[in-house]
Amino acid sequence: MTGSLRGPAFAVAVAVAAGVGAVALAGSGSTAPTAASAPSRAAASSFWSQLRAPEQGAGEYLFDSVDALVPAGKGKSAGPRGFRPAAALVEGVVVGVEPGVAYGAADDAMVARAVPYDSPEAAIRWAHLVIRVDKVVAGRLGRGYQDRRIRLKVEQPAGTTLQGLRASLKTAGKGLFFVENSLDRANALGRDRRLKQESAAYHAAVHLPIGQGVFVEERAGAPLIAPLAEEDRARQLLRTAGTSTYKSGGTTLDGLRASLQEKACEKGSATDPDAC
Amino acid sequence: MTYFKRRAGRAVLGAVLALGAVGGLAPGAQANDFGYPSGCCSFADNGQHWYNDDSLESRTKSAFRYAMGNLDAQSVMSDAYDASPNASTDVEAYDAYYVDTWDLDWDGSTTGYNLYGYAKCVKAIAPTPSEDDWRCDQYEVRFDLRDVDGFSTDQRRALACHEVGHTVGLSHSTESSSCLRTGAHTTVKYSAHDVSHLYTRYGPRLSKPMSGGGAK
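Here the residue numbers are simple positions, counted from 1 along each chain's written sequence. Both sets of labels track the order of writing: A upward for chains, 1 upward for ligands. Whole-chain, interface and lining totals are the exception, using all residues; otherwise, since this is a predicted model, local features are given only for residues with pLDDT of at least 70 and side-chain atom pairs are given and counted only at 80 or more. The basis for every side-chain value is the complete set of non-hydrogen atoms in the structure, without hydrogens or water.

1. Focus on the overall build of chain B
Okay, step 1: In terms of helices and strands, chain B carries 5 helices and 6 strands.
Okay, step 2: The secondary structure listing takes helices from DSSP runs of H or I that are at least 4 residues long and strands from runs of E that are at least 2 residues long, numbered from the N terminus. Starting at the N terminus, the α and β elements of chain B follow one another as α-β-β-α-β-β-β-β-α-α-α.
Okay, step 3: In this scheme, a residue with accessible area under 20% of its type's maximum is buried, one over 50% is exposed, and one in between is partly exposed, where area comes from a 1.4 Å probe on protein chains only. When each of the 216 residues of chain B is scored for burial, the buried share is 60%.
Okay, step 4: A contact between two residues is defined here by any heavy atoms of the two lying within 4.5 Å. Considering only intrachain contacts with a sequence separation of at least 6, the fraction spanning at least 24 residues in chain B is 73%.
Okay, step 5: Carbon and sulfur atoms make up 56% of the accessible area of chain B, which amounts to about 7,700 Å² in all. Per-residue and other accessible areas were derived by the Shrake-Rupley procedure at a 1.4 Å probe size, with only the shown protein chains allowed to occlude residues.

Now the structure itself:
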């Protein structure tokens, strides 16, 4: 997640970093009949179903339990297999969607060519979800946290539109998000040398979802979903989120929050020590 | 570009074979999705699957060729090497020590999912009134040598089988007999359920593509 930026992506980066609506620069999503905007994933779909993870790769998971994502207190960092936990666990609501970065076919290159967000040439698009942070449950937010908002970088699947996503925001519910600022994580992972001056501004302005750790209650009291994870992985993460919170009907937001709060207390990262 | 056409005879035969395959594999009926957006990946644009793997290093290329041969052996699709790759070559395969290509998290240090390989449709064909499925004119398949370097021959073949499966629309599988399952494994074949999916969409194979020509 630490790609260097070029051309149009940089323009978006500057807009985001400057707090300007990037929509104006990159457009608000094509209405032309391109692969990016075809109506296959109906606008009537719920917000998160449109963002369902289109996993197209083979690989292995590096940790088994959502506990590995809980921010660590001072002096504690790496979790299982060296996996670095999130910097912050926040509770909040998605209040906006902005265009982020798009890349075309990469062919034999290590670095794909950045293309305008609306371009039919785009092979992959990364949108920014604007999240209103209602509470920092554990860890801390710093860089990129302004006006109680962060921008979370997520893949926008083919066939969805920014307009469609925005129109469905009322179905986004509220959730718990494991996040870290993109530049901070790159620095922590020793990748900062790859980040050129201009792309550093972009990375400083956006947050990354850590460990596919986004857990959402679409309606009050409804079982949580983990829309960035594949179905089996989502079940696994929710089951491991404290056995006491996993019921046959699924894990609830209150249950998961309580379980994660407990873990944050153990790790020394809870923001409300009185709750420990 | 869209050689593939629906024909009643093919559809009937495909349905019969698919029912047979699925009927014999009741638990596998939910094994994986097929196509997009019900599953992960767009269908191939037709039943002829042209590929170019010129830039692969020898071990990866050997595995990739094995996987393409395996797909061809299902007698559903026709696979052939494309010596003159262009924007409509169905699959272009690459390998490298990837770090952040496409901003993907290749080593899993952020997502928690270490990618061995990845198949991406880079030329999608959106649904039309006459064809309501997403199809793909060109996939790029990438193998991360950081992982592949430590793989056995069968692990490399399993990975190639997995990624090639995505290029024809197959999603991840829950079956142990399918190379579309996730994680490091040595299953180098498609399951009967996978093949039944392919047959309903592409089968039966009509003819082998002509060398150096034909619809891509």
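2. Concerning the interface of chain B and chain A
Okay, step 1: Counting residues at the interface gives 50 residues for chain B and 49 residues for chain A.
Okay, step 2: Both sides of the chain B and chain A interface together cover about 4,000 Å² of buried area, and 50% of this is carbon and sulfur.
Okay, step 3: By definition, a salt bridge exists where a carboxyl oxygen of Asp or Glu is found within 4 Å of a side-chain nitrogen of Lys or Arg. The interface formed by chain B and chain A includes 2 salt bridges.
Okay, step 4: Between Lys 153 of chain A and Asp 103 of chain B there is a salt bridge; the shortest N-O distance is 2.5 Å.
Okay, step 5: Polar contact criterion, stated in full: a pair of N or O atoms within 3.5 Å, where within protein one must be able to donate a hydrogen and the other to accept it, and residues adjacent in sequence count only if both atoms are side-chain atoms. Linking chain B with chain A are 24 residue pairs in polar contact (both at pLDDT 80 or more).
Okay, step 6: Elements supplying a minimum of two residues to the side of chain B that touches chain A: strand S4 (91-96), strand S5 (113-125), strand S6 (135-144) and helix H4 (153-167) of chain B. By buried area we mean how much accessible surface two parts lose on assembly, using a 1.4 Å probe and totalling the loss over both.

3. Examining the pattern of salt bridges
Residues and elements named next belong to chain B.
Okay, step 1: Inspection of every chain in the model, using the stated rule, returns 22 salt bridges over all chains.
Okay, step 2: Arg 59 serves as the salt-bridge partner of Asp 149, at 3.0 Å between the closest nitrogen and oxygen. Taken together, the residues Asp 149 in the loop between helix H3 (145-148) and H4 and Arg 59 in helix H2 (residues 58-72) connect sequence positions 90 residues apart.
Okay, step 3: Classification of Arg 59 as partly exposed rests on a relative accessible area of 33%.
Okay, step 4: Between Asp 137 and Lys 123 there is a salt bridge, with its nearest N and O atoms 3.2 Å apart.

4. Thoughts on helix H8 (residues 253-267) of chain A
All names here are of chain A.
Okay, step 1: A helix is expected to span 1.5 Å multiplied by its residue count minus one. Here H8 is 15 residues long and its end C-alpha atoms lie 21 Å apart, about the 21 Å a rise of 1.5 Å per residue gives.
Okay, step 2: Taken together, the buried positions of H8 are occupied by Leu 253, Gly 255, Leu 256, Arg 257, Ser 259, Leu 260, Gln 261, Ala 264 and Lys 267.
Okay, step 3: Packed against the buried residues of H8 are strand S2 (88-103), strand S4 (124-139), strand S6 (174-181), strand S7 (207-217) and strand S9 (250-251).
Okay, step 4: A positive backbone phi angle near 75 degrees is found at Gly 268, which sits one or two residues after H8.

5. Structural notes on the environment of Gln 50 of chain A
Okay, step 1: As for its position among the elements, Gln 50 of chain A is in helix H3 (residues 47-50).
Okay, step 2: Overall, the relative accessible area of 1% leaves Gln 50 of chain A in the buried class.

6. Brief notes about H4 of chain B
Residue and element names in this part refer to chain B.
Okay, step 1: Between its first and last C-alpha, H4 extends 21 Å over 15 residues, near the 21 Å set by a 1.5 Å rise per residue.
Okay, step 2: Most of H4 sits out of view: 11 of its 15 residues are buried.
Okay, step 3: Burial in H4 covers these residues: Arg 156, Ala 158, Leu 159, Ala 160, Cys 161, His 162, Glu 163, Val 164, Gly 165, His 166 and Thr 167.
Okay, step 4: Gly 169, located one to two residues past H4, shows a positive phi value of around 110 degrees.

7. Points about the packing of aromatic side chains
Okay, step 1: Centre distance within 6.5 Å is the pairing criterion for rings of Phe, Tyr and Trp, where only the six-membered ring of Trp is used; planes under 30 degrees apart are then read as stacked, over 60 as edge-to-face, and the remainder as tilted. A complete count under the given rule lists 15 aromatic pairs over all chains for this structure.
Okay, step 2: For the ring pair Tyr 61 of chain A and Tyr 113 of chain B, a centre distance of 4.6 Å and an interplane angle of 45 degrees mean the geometry is tilted. Residue Tyr 61 of chain A is located in strand S1 (residues 57-61), and its partner Tyr 113 of chain B is located in strand S5; the two belong to separate chains.
Okay, step 3: Look at Tyr 61 of chain A and you get partly exposed, because its relative accessible area is 22%.
Okay, step 4: Here Phe 63 of chain A and Phe 83 of chain A contribute two aromatic rings whose centre-to-centre distance is 4.9 Å and whose plane-to-plane angle is 45 degrees, an arrangement assigned as tilted. With a gap of 20 residues between them, Phe 63 of chain A in the loop between S1 and S2 and Phe 83 of chain A in the loop between S1 and S2 connect regions that are remote in the sequence.
Okay, step 5: These aromatic residues form a ring-pair network of at least three members: Tyr 51, Phe 64, Tyr 81 and Phe 143 of chain B.
Okay, step 6: Sitting above the plane of the Phe 83 of chain A ring, Arg 185 of chain A keeps its charged end 5.5 Å from the centroid. Here, over-ring charges are defined by two tests on the NZ atom of lysine or the CZ atom of arginine: distance to the ring centre within 6 Å, and angle to the ring normal within 35 degrees.

8. Brief notes about the state of the cysteines
Residue and element names in this part refer to chain B.
Okay, step 1: Pairs of cysteine sulfur atoms within 2.5 Å are what we label disulfides. Inspection of the entire model under this criterion finds 4 disulfides over all chains.
Okay, step 2: Each sulfur of the disulfide joining Cys 121 and Cys 136 lies 2.2 Å from the other. Measuring handedness by torsion sign, the sulfur bridge of Cys 121 and Cys 136 sits at about 105 degrees and is right-handed. Here Cys 121, found in strand S5, pairs with Cys 136, found in strand S6; they are 15 residues apart in sequence, far enough to count as distant.

9. Some thoughts on the confidence of the model for chain B
Okay, step 1: Per-residue confidence from the predictor is given as pLDDT, running between 0 and 100. Of all residues in chain B, 81% have pLDDT values of 70 or greater, and the mean over the chain is 84.
Okay, step 2: Low pLDDT, under 50, characterises residues 1-29 of chain B; the predicted model gives this stretch 48 contacts beyond four residues in sequence or across chains.

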